[in-house]
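# Understanding the architecture of this molecule
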Amino acid sequence: MPVSDFQAVLGLEVHAQLLTRTKIFCGCPTTFGGEPNTHVCPVCLGMPGVLPVLSGQVVEFAVLTGLALGCTIREKSVFARKNYFYPDLPKGYQISQYEAPICEGGGLTITVDGREKHVRLTRIHMEEDAGKNLHDVSADGSSGVDLNRAGVPLLEIVSEPDLRSADEAVEYLKALRSILLTLGVNDGNLEEGSFRCDANVSVMRKGATRYGTRAEIKNMNSFRHLRQAVEFEVRRQVELVEAGQPVVQETRLFDPDRGETRSMRSKEDAHDYRYFPEPDLPPVLVPAAQVARLRAALPELPRARAARYVAALGLPPGDAAILVADRATADFFDATVTLRGGGPEAARKAANWLNGEVARLVNETGLAAGAWRLTPAHLARVLELLDGGAISGAGAKAVVEEVFRSGADPAAVVQARGLAQVSDAGAIEAVVDRVLAAAPAEVERHRSGKKDLTGFFVGQVMKALKGQGNPAVVNALLKQKLGGG
Amino acid sequence: MALSLDEVRRVARLAHLRLSPEEEVALAGQLSAILDHVAQLGELDVSQVEPMTHALAAGDAAPLRPDEPWPCLTPEQALANAPARQGTCFKVPRIIE
Amino acid sequence: MTAPAPSPLLRLSLRAASEGLAAGRHSARDLTEACLARIEATDGRVGAFLHVTAEAARAAAAASAARRAAGRALGPLDGVPLALKDLFLTQGVPTTAGSRLLEGFVPPVDGTAVARLKRAGAVLLGKLNLDEFAMGSSNENSAFKPCRNPWDLTRTPGGSSGGSAAALAARQCYGTLGTDTGGSIRLPASFCGVVGVKPSYGRVSRSGVVAFASSLDQPGPLGREVWDAAALLQAIAGHDPADQTSSSRPVDDYLAGLEGGARGLRVGVPAEWFQGGLEPGVEAAVRGALSAYQRLGATLVEISLPHSRYGIGAYYLIATAEASSNLARYDGVRFGRRAAGVKGLKELYLESRAQGFGAEPKRRIMLGTYALSAGYYDAYYLRAQKVRTLIRRDFDAAFQRCDVVAGPVAPGPAFRLGERTGDPLQMYLADIFTITCNLAALPGLSVPCGLSAGLPVGLQLVGRPFDEAGLLTAARALERELGPAGAPAGLEAA
Ligand SMILES: [Mg+2]
Ligand SMILES: [Zn+2]
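Let me begin by describing the structure that accompanies this report. (Residues numbered from 1 in each chain as written. Chains lettered and ligands numbered in written order. Predicted model: local features only at pLDDT ≥ 70, side-chain atom pairs only at ≥ 80, totals over all residues. Heavy atoms only, no water.)

## Here we look at the coordination of the magnesium ion (ligand 1)
All names here are of chain A. Bound to the magnesium ion (ligand 1) are the protein donor atoms His15 (NE2), Glu127 (OE), Glu127 (OE) and Glu156 (OE), situated 2.0 to 2.8 Å from the metal. Spacing between the donor residues of the magnesium ion (ligand 1) along the chain follows H-x111-E-x28-E. Here the residue Glu127 occupies a position in strand E8 (residues 115-128), and Glu156 occupies one in strand E11 (residues 153-159), the gap between them amounting to 29 residues. Take Glu127: its relative accessible area is 4%, and that puts it in the buried class. Its relative accessible area of 11% is what places Glu156 among the buried residues. (Donors = N, O, S within 2.8 Å, 3.2 Å for Na, K, Ca; no water. Helix = DSSP H or I, 4+ residues; strand = E, 2+ residues; numbered from the N terminus. Buried < 20%, exposed > 50% of the residue type's maximum accessible area, 1.4 Å probe, protein only.)

## Observations regarding the sheet that holds strand E2 (residues 89-92) of chain B
In spatial order, the strands read E9(A)-E10(A)-E2(B)-E1(B); together these four strands make up an open sheet with antiparallel pairing. Strand pairing shows two members of the sheet lacking a second neighbour, strand E9 (132-134) of chain A together with strand E1 (85-86) of chain B, which therefore form its edges. Bridge count for E9(A) against strand E10 (residues 143-146) of chain A is three bridges, and the pairing is antiparallel. Bridging from a neighbouring strand, A:Leu134 pairs with A:Gly144 of E10(A). (Pairing = 2+ DSSP bridges.)

## Considering the pairing of strand E8 (residues 299-303) of chain C
All names here are of chain C. Pairing analysis gives five bridges linking strand E7 (residues 266-270) to E8, with the strands arranged parallel. Residue pairing across strands places Val267 opposite Leu300, the latter belonging to E8. Taken together, E7, helix H8 (residues 280-295) and E8 constitute a β-α-β crossover, and its handedness is right-handed. (Right-handed = clockwise from strand over helix to strand, strands pointing away.)

## What to know about the packing of aromatic side chains
Per the stated rule, a full pass over the model turns up 24 aromatic pairs over all chains. Members of the aromatic cluster, each reached through a chain of ring pairs, are C:Phe105, C:Phe133, C:Tyr330, C:Phe335 and C:Phe357. Taking the ring centre of B:Trp70 as reference, the NZ or CZ of B:Arg65 above it sits at 5.9 Å. (Phe/Tyr/Trp six-rings, centres within 6.5 Å; stacked < 30°, edge-to-face > 60°. Lys NZ or Arg CZ within 6 Å of the ring centre and 35° of its normal.)

## Examining the sheet that holds strand E5 (residues 93-97) of chain A
As summarised here, the arrangement of the three strands in space is E5-E4-E16 (chain A), forming an open sheet in which the pairing is antiparallel. Two strands in the sheet have a free side with no partner beyond their single neighbour: E5 and strand E16 (276-277) of chain A. Taken strand by strand, helix H9 (residues 311-326) of chain C contacts strand E4 (79-83), E5 and E16 of chain A, and its axis lies near 65° from that of E4(A). (Contact = heavy atoms within 4.5 Å. Axes fitted to C-alpha atoms, helices over the stretch in contact; angles between N-to-C directions.)

## Structural notes on the interface of chain B and chain C
Accessible area lost upon the coming together of the parts serves often as the stated size of an interface. Contact residues are listed per partner, giving 50 residues for chain B and 68 residues for chain C. It is B:Arg18, B:Met52 and B:Asn81 in chain B that bury the most area against chain C; as a group they hold 14% of the surface buried on that side. Our count for the chain B to chain C interface comes out at five salt bridges. Of the charged contacts in the structure, one is a salt bridge between B:Arg18 and C:Glu351, with a shortest N-O distance of 2.7 Å. In terms of residue count, the dominant contributor to the side of chain B that touches chain C is helix H2 (residues 21-38) of chain B (nine residues). A per-class count over the side of chain B that touches chain C returns 34 nonpolar, seven polar and nine charged. (Buried area = accessible area lost by both parts, 1.4 Å probe. Salt bridge = Lys/Arg side-chain N within 4 Å of Asp/Glu carboxyl O. Nonpolar A, V, L, I, M, F, W, Y, C, P; charged D, E, K, R; others polar.)

## Topic: the environment of A:Glu35
Residues and elements named next belong to chain A. Topologically, Glu35 is positioned in the loop between strand E1 (6-17) and helix H1 (56-68). By relative accessible area, Glu35 is classed as exposed at 53%. As for Glu35 and Gly469, which are separated by 434 residues in sequence, their C-alpha atoms are 56 Å apart.

## Examining the environment of A:Val50
Position of A:Val50 relative to the elements: it lies in the loop between E1 and H1. Exposure remark for A:Val50: the relative accessible area of 15% places this residue in the buried category. Residues A:Val50 and A:Asp280, 230 residues apart in the sequence, show an inter-C-alpha distance of 9.7 Å. In contact with A:Val50, other than residues within four places in its own chain, are A:Pro42, A:Val43 and C:Arg329.

## So, unusual backbone geometry
Trans peptide bonds make up the majority, and among non-glycine residues the majority have a negative phi. Residue and element names in this part refer to chain C. Ser160 follows Gly159 through a cis peptide bond whose omega is 5°. The residue Ser160 is located in the loop between strand E3 (123-128) and helix H5 (162-169) in this model. Phi angles above zero are rare outside glycine, and Ala97 is one such case at about 55°. By the secondary structure assignment, Ala97 is in the loop between strand E2 (81-85) and helix H4 (112-119). Of the residues examined, Ala97 reaches a relative accessible area of 0% and is grouped as buried.

## A few points about the interface of chain A and chain C
Taken together, the contact pairs 32 residues of chain A with 39 residues of chain C. Together chain A and chain C conceal approximately 2,800 Å² of surface at their shared face, both sides included; 59% is due to carbon and sulfur atoms. Between A:Asp280 and C:Arg206 there is a salt bridge; the shortest N-O distance is 3.0 Å. Where chain A touches chain C, the interface holds 14 residue pairs in polar contact (both at pLDDT 80 or more). At the level of elements, E4 and E16 of chain A are the ones that each hand at least two residues to the side of chain A that touches chain C. (Polar contact = N/O pair within 3.5 Å; in protein donor to acceptor, adjacent residues only side chain to side chain.)

## Some points on the pairing of strand E13 (residues 215-220) of chain A
Residue and element names in this part refer to chain A. Two elements, strand E12 (residues 195-205) and E13, share four bridges in a ladder whose sense is antiparallel. Bridging across to E13, Val201 finds its partner in Ala215. With three bridges joining them, E13 and strand E14 (residues 251-255) adopt parallel strand pairing. Bridge pairing in E14 links Glu216 to Thr251. Where the polypeptide runs from E13 across helix H3 (residues 223-242) and back to E14, its parallel neighbour, the crossover connection is left-handed.

## So, the coordination of the zinc ion (ligand 2)
Residues and elements named next belong to chain A. Protein coordination of the zinc ion (ligand 2) is provided by Cys26 (SG), Cys28 (SG), Cys41 (SG) and Cys44 (SG), with donor distances spanning 2.3 Å. For the zinc ion (ligand 2), the four donor atoms are set out with angles of 99 to 115° between them, so the coordination reads as tetrahedral. Mapped onto the polypeptide sequence, the residues donating to the zinc ion (ligand 2) form the spacing pattern C-x1-C-x12-C-x2-C. Residue Cys26 is located in the loop between E1 and H1, and its partner Cys41 is located in the loop between E1 and H1; the two are separated by 15 residues in the primary sequence. The class of Cys26 is buried, set by a relative accessible area of 2%. In this structure Cys41 comes out as buried when scored by relative accessible area, which is 3%. (Tetrahedral: all angles 85-135°; square planar, octahedral: opposite > 155°, others 65-115°.)

Set out below in structure tokens:
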């Protein structure tokens, strides 16, 4: 029986690193990288006698995220200890939330193949990240422990098993990422692991009501990996069921080199984490006034924004979706459009440039929006020069690229690089006359209708104008002179 | 309530304690005696009672920590008590994942 | 061999020593040298100190003397020699928690209470003996050496802050800090004839104190007299941003009203604390103290704490569960003992912990792990927390009718070394009267109230949340009426 007789059932668990300056339970910086054990203190080293000191910013970010996702915010949530031994876990327990997480319920809507789908969330909770184990740090094959990352704040966002395909899983992850980026609580970086996801995957026969046994897949650090891993795992489980073999509940690791998932040898004991309320931290209180304040501070969320772009500015839905994926880009777009008068025409042009040339430059440089030297005022100025015919399309590209890299004033770039377009009809006419006079044979052939040599003449004129002639003027003049008129 | 040796071993595994056979036997007896004493808690009907999970009254807690960095330890300080180190890492036997 | 005649300075209370400093009758150096000589002469027999920091103490005394000479003395503790249970982290000074696991561990920073004592100008003499990780009631669980009761060297000083009480009774210092999770300040204070205060949960920062059971632990002072303990508490109490379970309530002035007496005080006497099992000498001393309160104008109110008898059960589940988790960090990776010659990571954990922990921590880790493990949580840990609520409600109801609760600290006076080591449950029952105070997060203290066959007996007072001031005033009234326990004779004779 083929895969199509089966239904995949997926739920995602996302761990998102919060963009705080300090760790969740101590004042060490969350800065990435650095020499091992340079961003540590007695608290995040788990030394004897030290206590966790919760950051208020982490709670604010958690509540903000919960509100954006329509969750219920608990007035009183409780931290819990999850007990297990591992070298990257300094205290022998992770401080997380268990029975009373800060956010519950809620969900988000995604669009797959033109259909809308609501994916419910189970919960969102706050917890600390572990450190990092480094392998083969010495000749004898020993491992090393670096606790710089230990205690970095995470939100764990758990979905219900509402997703039914790899496409839906990828869309869900993209939508969630874009919401977190919009809120400014996470940098969305899958490669570096500051936005990571585990997938719970099971299969059942279509029409069945009971879910199959699920496997938890880890180690997917791109959307492509998620898709590959889910597709592989669904195939694997269907084959097992078809062969009459059981699916084992286990944790599996995605191997990006082979595009496969494989079993992590199950630790010798079934995990018994012995959760209990963290006695070192009082319950976290979120009064109604704080919820109201954060609700009022919620930015426009990506789906609402995209809908507004389509309805009010006439953007194609695809273009709108790309713009809103990242709040800084959308803000850039809004500012540019406003500077250009705010109409659909301005919006279409700004969107084309942002999703085209600017996106290309972003890909090339890897610069996040906000880190560009190009400003909305810059782009608006370029569009203005282009619309007014002062530069050509090609010239505009060159200007944008230079400004993107250097932050220089567009007009100055046009000047310095001699990109000003010649639109003066008189000047162009003189050149056209010169070109036609120099090529009487070609003029004759063209006029006799033997061959359309318009392209040849345009090329000659442009060459004489060093590429800076306004094509519209050049074309109009040539047509006028050659057309026998 | 008598604790079996198997139970003692299961708990020791969870707690990452290596016990000698003598310790296992002694603990089975001692823990059983303590659990017998503890069993008296079962006399009470606590179905309507909220657990006291925290000892500090909620209103007594101070505001949360502001998001301002504090000074870190130097790697020398961080590693001063380490039984073994490699560079600025804590060194442990090879970890097999 | 006879010990050199002890300096008369050693007979002073902390208060008298402090007043003498202010009056210029003696210097911080005099006090410090007298204490160091006393430690030298007596500690071989008492075993109160695990580590003496003589040089640092002399330097601190000199600095204090210089401040005083310049007219910049810091307060009543400036220049006064004190010592700390070896559970308090001390920067640059080994901190063992009484465990082989932490042998050689040197903290990079001071704990909050220690830092506050230093800021008050105190001279710190060193680190005091205790039961391993504060787990015990006799100090016999110290991994290094037993501590003995200065009143009778064949007996225990009580635990777990045994060294803190014994050092005071042996006149080796003027005040100490201990910690109290189930009675670990009050029991040794009672056994050694000194005053020991277990503050309300959250009154003193736990930051920088090696954790035993986080929801029950509370650091507190011990002194030879009530004033001494009050002055020490004043120095260490108050909110600490490094401990979010430390209360933000303002701290009362513990010394201002200390001589307020007991007139009009309603002393609650719980029937459950006098039912059977009390050693007659202890009962006589405690009842004597209650009569003394009546003489002082207080009234006795019969109260009931019906859930008291469930205290031990609830305590040993909650304390061990939290301990099993708190002691997970001792894994031989970042600090502390690592077993030699281990092959893999798993071995490293198992062997380091097997070799490092003594029998009592192992027993408690096992019990706590069991109580939290899958399938048992509701029946044990959760139920114990609900019983905890009932115990707190008992006290809330009692405090509708009385201002303090009074009773024995322990069923008997100091017992003999080795007498109970074979039977952990018997040992646990020593804490039967002190444990409910920790479970209910209330302040409690032990104040000497007489002798039983030549051994000190303490009266336990338990107060309303954060009413340390009222508790200390009540204790001071009794102390003035009965006089302090006096000094043990045994040490000088040896
Ligand atoms: Mg998690
Ligand atoms: Zn830190």
